[in-house]
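What the coordinates show
Below, each chain spelled out in residue letters.
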Amino acid sequence: AFSKRHPVVFGSVLAALKTGGADYFVQRCFEERDHADVQWARVAAFTLFGAGYLGCVQYFVYVRAFTRVLFPRAKAFLDMPVRARLRDARGLRDSLGQVALDSFVHAPFMYFPAFYACKGAVEARGAPGCIDAGIAKWRANLWDDMLEYWKVWSPAQLVNFTLLPGHMRIPFIAAVSLFWTVLLSLARGDDGQGRAHGGGGGA
């Protein structure tokens, strides 16, 4: 009920805790750092990105832009019973359109640039050129990042855009993103050294 009344606040707090917590978990459990050796600037970058982009920006992307502007029938489609949705060919086409828009426009040209720019700015404490350095890493890693993104998020977003009501989109994304963020932290957390998404990929 709270998530329905205050979707941006709920999504932002949940995404911030999840994203920062996932990076802390990776540093302690996978990278085997002591608590005193945790890179707190890195945790802060993930937390800020979670609150600002995953919680706020993605709400307007997925709920406002996707369901009210670009795909105006989406809300009516989501208000239908699930069985009726699965028989609605036009609604299913719209769902596939949202998955494609997320996979080929939003993720490569909004999500990942924002991630690298935020991480670069926070870790460099706003030093001159930090945003440019982050964007350079986005360009260098884009293809590898997108391959992993498509593996995780394309099927997840198909469920999201087909089965879930609008106010649950960000909480669902946050839940899937807990797994994704662990992979992202493993691959790009340690100063973006270009390691593959080892075994493992945003929102």
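Higher on the page you've got the structure.
The following refers to the structure shown.

Analysis parameters
Residues numbered from 1 in each chain as written. Predicted model: local features only at pLDDT ≥ 70, side-chain atom pairs only at ≥ 80, totals over all residues. Heavy atoms only, no water. Helix = DSSP H or I, 4+ residues; strand = E, 2+ residues; numbered from the N terminus. Rg over C-alpha atoms; globule rule 2.2 N^0.38 Å. Buried < 20%, exposed > 50% of the residue type's maximum accessible area, 1.4 Å probe, protein only. Areas by Shrake-Rupley, 256 points an atom, 1.4 Å probe, with all protein chains shown as cover. Axes fitted to C-alpha atoms, helices over the stretch in contact; angles between N-to-C directions. Parallel < 35°, antiparallel > 145°, perpendicular 65-115°, else oblique. Left-handed = near helix turned anticlockwise from the far one by under 90°. Nonpolar A, V, L, I, M, F, W, Y, C, P; charged D, E, K, R; others polar. Salt bridge = Lys/Arg side-chain N within 4 Å of Asp/Glu carboxyl O. Phe/Tyr/Trp six-rings, centres within 6.5 Å; stacked < 30°, edge-to-face > 60°.

**Some words on the overall build of the protein chain**
Within the protein chain, the regular secondary structure consists of eight helices and zero strands. Across the protein chain, helices and strands are ordered from the amino to the carboxyl terminus as α-α-α-α-α-α-α-α. Computed over C-alpha atoms, the radius of gyration of the protein chain comes to 17 Å, within 12% of the 17 Å expected from 2.2 N^0.38 for 203 residues, which places it in the range of a compact globule. If you line up the protein chain on its principal axes, its C-alpha atoms span 55 × 35 × 30 Å. Buried residues in the protein chain amount to 47% of all 203 residues. Total accessible area computed for the protein chain in this model is approximately 9700 Å², and 67% of it derives from carbon and sulfur atoms.

**Considering unusual backbone geometry**
Phi is mostly negative for residues that are not glycine, and the peptide bonds are mostly trans. Although it is not a glycine, Glu 32 sits at a positive phi angle of roughly 55°. Inspection of the secondary structure assignment puts Glu 32 in the loop between α2 (7-30) and α3 (40-70).

**Thoughts on the packing of helix α6 (residues 89-123) against helix α7 (residues 130-163)**
To describe two helices that pack against each other, one gives the angle between their axes and the distance between the axes. Running from N to C, α6 and α7 cross one another at 150°; their axes reach a closest spacing of 7 Å. When the axes of α6 and α7 are compared, the pair comes out roughly antiparallel. For the pair α6 and α7, the crossing hand works out as right-handed. Taken together, the residues of the contact of α6 with α7 sort by class into 23 nonpolar, 10 polar and three charged.

**Quick word on the pattern of salt bridges**
Where charged atoms of side chains with opposite charge meet at close range, the side chains can pair. Taken as a whole and assessed by the stated rule, the structure comprises nine salt bridges. Linking Arg 42 and Asp 23 is a salt bridge whose minimum nitrogen-to-oxygen distance equals 2.7 Å. Here Asp 23 lies in helix α2 and Arg 42 lies in helix α3, a separation of 19 residues in the sequence. By relative accessible area, Arg 42 is classed as buried at 1%. By relative accessible area, which is 0% here, Asp 23 ends up buried. In this structure, the salt-bridge partner of Asp 94 is Arg 73, at a minimum N-O distance of 4.0 Å. Pair noted here: Asp 94 is in helix α6 and Arg 73 is in the loop between α3 and α4 (74-79), with a separation of 21 residues, a long-range link.

**Topic: the packing of aromatic side chains**
Counted under the stated rule, the structure contains 21 aromatic pairs. Aromatic side chains Phe 66 and Phe 71 sit 6.3 Å apart centroid to centroid with 65° between the ring planes, which places their arrangement in the edge-to-face category. Accessibility expressed as a relative area gives 3% for Phe 66, which makes it buried. Residue Phe 71 is classed as buried on the basis of its relative accessible area of 14%. Plain terms: the ring middles of Tyr 111 and Tyr 149 are 6.0 Å apart, the flat faces sit at 50° to each other, and that makes the pair tilted. Of this pair, Tyr 111 sits in helix α6 while Tyr 149 sits in helix α7, and the two are 38 residues apart along the sequence. Judged by its relative accessible area of 1%, Tyr 111 falls in the buried class.

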